[in-house]
Amino acid sequence: MDKITYRIKRFDGTREWFQEYTFPYEKNKTVLWGLIKIRDEQDPTLNFTSACRSAICGSCGVRVNGNAALACKTSLDELLEIYQTSTLTIEPLSNYRVIRDLVVDWEPKLERMKEVKPWLIASEEKDLSLGFIQSEEEFHKISNPTDCILCGCCVSECTQHSTNSQGFYEPFIFTKSYRFTIDSRDNAPSQHLTPSLEKGGLWKCVRCMQCVTKCPKGVRPADHISGLRKESMGLGHQQNKGARHAYAFYDDIRKTGRLNEMTLPLKTEGLTKTLSRRIPLALRLLRKGKLNPLHFPRPVQGIEGVRKIYRLVQKEERS
Amino acid sequence: MKYAFFPGCTLEGAAKEALTSTQKIAEALGIELVELEGWTCCGASHVQDIDDLLALSLNARNIALAEKLNLPLLTVCNTCTLMLRSAKQQLDQTPELKDKVNTILGQSGYTYSGSSEVTHLLWVLLKNYGLDNLKKKIKRPLTGLKVASFYGCHILRPPDIMGFENSLNPQSLEKLVEALGAENVAFEKRLDCCGFHAVFPAEQEVLKITGLDCLSAREAGAHCMVTPCPLCQMQLDMYQPDSQKQFKETLTIPVLHLSQLIGLALGLSPQDLGLGRHIVDTHPVLEKILK
């Protein structure tokens, strides 16, 4: 391959267009190298942000062929191989207001992040006597969420956020919420967690795993959402659809080993809502034989062993 | 070829046609499926929200059942595959966790060793069976059928757990569809989510997501969608009439299980493949290929 073409989405404040830039191919380069080369050699009006070139500052997140990537960490050779092409389409991260070209507006996101109070709320009394000592085990719990560099790649293809940006936090906000909720040095976990539950749509995550896939630092926001759900139930928030849905699976497996699809809506939504909202769906399914009201899963072979696992896990966790 | 078969809860219930069509095509291809006795629900991405050690232990037990048979474990559900592979990865990479889980399993008669691979029907057909061998079995090439191949999230993501192919531009499903004689259509939502796992707590958003997926396939000119995940199939098919209420454009498109599309190409009857059990009428698909 002699040449590479970047097809870049431009925006000058009023007008959007795609502009193509072609330059000689070089081995072992990054997406950011190409952007800098274009700005230095072809078009000084091209706007993008970057600083450290070492995947530390988090400022060069862009979308390449529809997928968020940190430009300084993303190998051009790998992308050309994956897409079998010499032309890449570069756009600003999705789910952000675009300021110019590839530059997006972080201010509303950072304002929103403050809702989960992403800082330690320490107990003065406790900390005066013990200091901020953390065990290795306690540190490991916050190690992964602490790796977040706020590059924003996790938001770009987030399925729920793309559909419902006002009702669902950006994945990195859940990560911050989790990181401070479970920090052993913090003395006010509910102040970090409750906003995720009440404003952030904690149970609305569809588990598409885009956030985990797109994070250039190996941070796992979807796992942190799971962790926050667990913490929220531990704080007594069990009477919501998400928690009741999870418990339907938990209880069915203990009872028979398998899910009972017939009782799932009842357990999740309650009798009134199921009767008022689910009748058309239920009739559709009954007509096609997809729902069998007489099918109740029988306990699987070895169910006593399964129940014993429940008891032993609980015992292990208590110890 | 012989596999320990993990059907997953959906195939026992609303997606029984996926169970029968999987069994029928396995028989036609000469792949022996031995259903695991005593398998339990994989947790469906929900149980770990309550207790991650429990979810891990239950799936360690499921894999241990396959290990007892000395067979690799085969699933046909994306989420089951992810849950089982996720458990396997944690256990294989963290010896202390494996010891802890084995202490729990040991008291109920099981041991997890890590000897059984966890795989999916799609991967087995591509990697182990081979498309050339599959082509030799085709009796009714799906010529003229335009298919929108919808992967579903959990057969691709997260890539460090799934890893069969690059998650940004996978090709396995398209290659398989092409081998069956059908034509792939390019559509924007081929790697998107169906929304299934939040259909209760986020119903309106999920119905929109589902509708956008169907619309994308339909507007690209597909006669049907095909998916290797019974949960995606349920979401895209069962909830299509509800999604339609959010859209002015017509969404209607049949959604087939991968095993059904393969079965049609192998010459199996629509009845055997349960094509009458769909919410969205599958006759337009059949009319294209049963000429």
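Residues numbered from 1 in each chain as written. Chains lettered and ligands numbered in written order. Predicted model: local features only at pLDDT ≥ 70, side-chain atom pairs only at ≥ 80, totals over all residues. Heavy atoms only, no water.

S.K.: Explanation requested: the overall build of chain B in the structure shown.
M.R.: From N to C terminus, chain B includes 14 helices and eight strands. Relative to the compact-globule value of 19 Å for 291 residues, chain B shows a C-alpha radius of gyration of 19 Å, a close match. The dimensions of chain B, computed from C-alpha atoms along their principal axes, are 55 × 45 × 30 Å. A buried classification covers 67% of the 291 residues belonging to chain B. A separation threshold of at least 6 residues defines the contact pool for chain B, and within that pool the share at least 24 residues apart is 78%. When the accessible area of chain B is evaluated, it comes to approximately 9,800 Å², of which 48% is carbon and sulfur surface. For chain B, the separation between the mean place of its 27 positive charges and that of its 32 negative charges on side chains is 6 Å. (Helix = DSSP H or I, 4+ residues; strand = E, 2+ residues; numbered from the N terminus. Rg over C-alpha atoms; globule rule 2.2 N^0.38 Å. Buried < 20%, exposed > 50% of the residue type's maximum accessible area, 1.4 Å probe, protein only. Contact = heavy atoms within 4.5 Å. Areas by Shrake-Rupley, 256 points an atom, 1.4 Å probe, with all protein chains shown as cover. Lys, Arg positive; Asp, Glu negative; His and termini not counted. Charge placed at Lys NZ, Arg CZ, Asp CG, Glu CD.)

S.K.: Teacher, can you tell me more about the overall build of chain A here?
M.R.: The secondary structure content of chain A amounts to 16 helices and seven strands. Its C-alpha atoms give chain A principal-axis dimensions of roughly 70 × 65 × 40 Å. Residue burial in chain A is summarised as follows: out of 319 residues, 51% are buried. Sequence-distant contacts in chain A: of pairs separated by 6 or more residues, those separated by 24 or more amount to 66%. When the accessible area of chain A is evaluated, it comes to approximately 15,300 Å², of which 50% is carbon and sulfur surface.

S.K.: Sorry, what's going on with the nonpolar core here?
M.R.: Nonpolar side chains tend to gather and get buried jointly when the protein is soluble and globular. The biggest cluster of nonpolar side chains holds 204 residues, and the ones touching the most others in it are Tyr6 of chain A together with Met225 of chain B. It is helix α4 (residues 52–68) of chain B that contributes the most residues to this core, ten residues altogether. Not counting the four nearest positions on each side in its chain, Met225 of chain B is found in contact with Ala148, Phe150, Phe187, Asp213, Cys214, Ala217, Leu236, Ile253, Pro254, Val255 and Leu256 of chain B. (Core = buried A, V, L, I, M, F, W, Y, C linked by side-chain atoms within 4.5 Å.)

S.K.: What exactly am I supposed to notice about the packing of aromatic side chains here?
M.R.: To describe a pair of aromatic rings, one takes the distance between the centres and the angle between the planes. One pass over the full model with this rule turns up ten aromatic pairs over all chains. Measuring from ring centre to ring centre gives 5.7 Å for Phe23 of chain A and Trp33 of chain A, while their planes differ by 70°; the resulting arrangement is edge-to-face. Here Trp33 of chain A lies in helix α1 (residues 31–41) and Phe23 of chain A lies in strand β2 (residues 16–24), a separation of ten residues in the sequence. A residue is classified by how much of its surface remains accessible, and Phe23 of chain A, at 2% relative accessible area, is buried. A ring pair is formed by Phe6 of chain B and Trp39 of chain B, whose centres lie 5.3 Å apart and whose planes are at 55°; its orientation type is tilted. Here Trp39 of chain B lies in the loop between β2 (32–35) and α3 (47–50) and Phe6 of chain B lies in strand β1 (residues 2–6), a separation of 33 residues in the sequence. In this structure, Phe6 of chain B and Trp39 of chain B share a single accessibility class: buried. In this structure an aromatic cluster arises from ring pairing among Tyr6, Phe23 and Trp33 of chain A. Between the NZ or CZ atom of Arg7 of chain A and the centre of the ring of Phe18 of chain A, over which it lies, the distance is 4.0 Å. (Phe/Tyr/Trp six-rings, centres within 6.5 Å; stacked < 30°, edge-to-face > 60°. Lys NZ or Arg CZ within 6 Å of the ring centre and 35° of its normal.)

S.K.: Whenever I open this one, unusual backbone geometry confuses me. Can you help?
M.R.: Peptide bonds are mostly trans, and most non-glycine residues show a negative phi. The omega torsion across Arg157 of chain B and Pro158 of chain B is -5°, close enough to zero to call that bond cis. Tracing the sequence through the fold places Pro158 of chain B in the loop between β5 (146–149) and α9 (172–179). Backbone geometry places Arg53 of chain A, a non-glycine residue, at a positive phi of 60°. In this structure, Arg53 of chain A sits in the loop between α1 and β3 (61–64).

S.K.: Where do I start with the pairing of β3 of chain A in this structure?
M.R.: Looking down a regular strand, the side chains alternate between one sheet face and the other. Residue and element names in this part refer to chain A. Of the two faces of β3, the one carrying Gly61 and Arg63 and the one carrying Val62 and Val64 are both buried. Where β3 folds back onto strand β4 (residues 67–70) in an antiparallel hairpin, the turn is made up of two residues, including Asn65, whose phi is positive at roughly 45°. Inspection of the sheet shows β3 paired to strand β5 (residues 87–91) by two bridges, in the antiparallel sense. Bridge pairing in β5 links Val64 to Ile90. (Pairing = 2+ DSSP bridges.)

S.K.: What am I meant to see in the interface of chain A and chain B here?
M.R.: Interface extent is often summarised as the accessible area lost during association of the parts. Contacts between the two partners involve 61 residues from chain A, matched on the other side by 67 residues from chain B. Among the residues of chain A in contact with chain B, Arg258, Lys290 and Ile309 of chain A are the three that bury the most area, contributing 13% of the side total. Remark: the boundary between chain A and chain B carries ten salt bridges. Linking Lys230 of chain A and Asp52 of chain B is a salt bridge whose minimum nitrogen-to-oxygen distance equals 3.1 Å. Across the contact surface, chain A and chain B share 25 residue pairs in polar contact (both at pLDDT 80 or more). (Buried area = accessible area lost by both parts, 1.4 Å probe. Salt bridge = Lys/Arg side-chain N within 4 Å of Asp/Glu carboxyl O. Polar contact = N/O pair within 3.5 Å; in protein donor to acceptor, adjacent residues only side chain to side chain.)

S.K.: Can you walk me through the pattern of salt bridges in this structure?
M.R.: In a structure, side chains of opposite charge can pair up when their charged atoms sit close to one another. If you walk through the whole model with that rule in mind, you get 36 salt bridges over all chains. In this structure, Arg220 of chain A and Asp160 of chain B form a salt bridge, with 2.7 Å as the shortest nitrogen-oxygen distance. In this pair, Arg220 of chain A is assigned in the loop between α10 (210–214) and α11 (221–234) and Asp160 of chain B in the loop between β5 and α9, connecting two distinct chains. Owing to a relative accessible area of 18%, Arg220 of chain A belongs among the buried residues under this scheme. Connected through shared salt-bridge partners, Lys241, Glu269, Lys273, Arg277 and Arg278 of chain A together with Glu203 of chain B make up one network.

S.K.: What exactly am I supposed to notice about the sheet that holds β1 of chain B here?
M.R.: In any sheet, the strands associate via hydrogen bonds between backbone groups, in a parallel or an antiparallel arrangement. Residues and elements named next belong to chain B. In space, the four strands of this open sheet follow the order β2-β1-β3-β4, with parallel pairing throughout. The sheet is open, and its two borders are formed by β2 and β4 (118–120), each paired with just one other strand. Each adjacent strand pair in this sheet contributes to an overall mean axis angle of 45°, direction not counted. Both strand β3 (residues 73–75) and β4 contribute to a ladder of three bridges, which runs parallel. Residue Leu74 lies in a different strand from β4, and its bridge partner there is Thr119. Contacts from helix α5 (residues 78–93) reach β1, β3 and β4 within the one sheet, and its direction differs from that of β4 by about 160°. (Axes fitted to C-alpha atoms, helices over the stretch in contact; angles between N-to-C directions.)

S.K.: Quick question: what am I supposed to make of the pairing of β5 of chain B here?
M.R.: Residues and elements named next belong to chain B. Bridging between β5 and strand β6 (residues 183–184) involves two bridges; their strand directions are parallel. Considered in β6, the bridge of Val147 is made with Asn184. In this view, the connection linking β5 to its parallel neighbour β6 by way of α9 has right-handed handedness. Note: β5 against strand β7 (residues 224–227), three bridges, orientation parallel. By the bridge assignment, Ser149 is partnered in β7 with Val226. (Right-handed = clockwise from strand over helix to strand, strands pointing away.)

S.K.: Explanation requested: the side chain of Lys109 of chain A in the structure shown.
M.R.: All names here are of chain A. Locating Lys109 in the fold gives a position in helix α3 (residues 107–113). For Lys109, a relative accessible area of 8% gives the class buried. Not counting residues within four places of it along the chain, the set of residues in contact with Lys109 comprises Asn95, Tyr96, Val155, His161, Glu170, Phe172 and Ile173.

S.K.: Is there a simple way to explain the packing of α4 of chain B against helix α6 (residues 95–106) of chain B in this structure?
M.R.: In a pair of packed helices, the angle between the axes and the distance between the axes together describe the arrangement. All names here are of chain B. α6 packs onto α4 with a crossing angle of 70° between their chain directions and a minimal axis gap of 10 Å. On the basis of their axis angle, the class for α4 and α6 is roughly perpendicular. Residues Leu53, Leu56, Ser57, Ala60 and Arg61 of α4 form the contact with α6, whose participating residues are Leu97, Lys100, Val101, Ile104 and Leu105. For the contact of α4 with α6, the per-class residue count stands at seven nonpolar, one polar and two charged. (Parallel < 35°, antiparallel > 145°, perpendicular 65-115°, else oblique. Nonpolar A, V, L, I, M, F, W, Y, C, P; charged D, E, K, R; others polar.)

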